[in-house]
Amino acid sequence: VARVMPGSPAEKAGIQRNDSILKIDGVALDDAAELVNLVRDKQAGDKVKLTVRRRAREMEIEATLEVRE
């Protein structure tokens, strides 16, 4: 994660700059494009479970998707 926008679903979920998103809903990600494609298949209001690596620690974070304005 290069940047977290203030007030974004990522910030609300607790994602931080320099986190690495490893999985979304249990699906391992090979690159950022794959994350974008998987999120595109979701709708606003859907909850996703992200597996994130922060420093040497892995954690699960739940985020609620919103419509981008």
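Our structure's up above, just so we're on the same page.
Because the structure is predicted, anything quoted here is derived from the model rather than measured.

Parameters at a glance
- Residues numbered from 1 in each chain as written.
- Predicted model: local features only at pLDDT ≥ 70, side-chain atom pairs only at ≥ 80, totals over all residues.
- Heavy atoms only, no water.
- Helix = DSSP H or I, 4+ residues; strand = E, 2+ residues; numbered from the N terminus.
- Rg over C-alpha atoms; globule rule 2.2 N^0.38 Å.
- Salt bridge = Lys/Arg side-chain N within 4 Å of Asp/Glu carboxyl O.
- Buried < 20%, exposed > 50% of the residue type's maximum accessible area, 1.4 Å probe, protein only.
- Pairing = 2+ DSSP bridges.
- Core = buried A, V, L, I, M, F, W, Y, C linked by side-chain atoms within 4.5 Å.
- Contact = heavy atoms within 4.5 Å.

To continue, consider the overall build of the protein chain. Each helix and strand counted, the protein chain has two helices and four strands in total. Counting from the amino terminus, the protein chain carries its helices and strands in the arrangement α-β-β-α-β-β. In summary, the protein chain has a C-alpha radius of gyration of 11 Å against a globular reference of 11 Å for 69 residues, a match within 12%. Projecting the C-alpha coordinates of the protein chain onto the three principal axes gives extents of approximately 35 × 25 × 20 Å.

So, on to the pattern of salt bridges. Using the criterion set out here, one finds four salt bridges in the structure. Lys 12 is the salt-bridge partner of Glu 66, the closest N and O atoms lying 2.9 Å from each other. With Glu 66 in the segment after β4 (57-64) and Lys 12 in helix α1 (residues 9-13), this residue pair connects regions lying 54 residues apart in the sequence. Judged by relative accessible area, which is 42%, Glu 66 ranks as partly exposed.

This paragraph deals with unusual backbone geometry. Even without being glycine, Asp 25 reaches a positive phi, approximately 50°. Accessibility expressed as a relative area gives 36% for Asp 25, which makes it partly exposed. In this structure, Arg 55 takes a positive phi of about 55° despite not being glycine. Here Arg 55 lies in the loop between β3 (47-54) and β4.

Inspection of the sheet shows strand β1 (residues 20-24) paired to β3 by four bridges, in the antiparallel sense. In the sheet register, Ile 24 faces β3, and the bridge partner there is Leu 50.

Judged by nonpolar contacts, Ile 15, Ile 24, Leu 29, Leu 35, Val 48, Leu 50, Val 52, Met 59, Ile 61, Ala 63 and Leu 65 together constitute the single largest core of eleven residues. Put simply, the parts of the chain that give this core at least two residues each are β3 and β4. Leu 35 has contacts with Ile 21, Ile 24 and Leu 29, leaving out every residue within four places of it along the chain.

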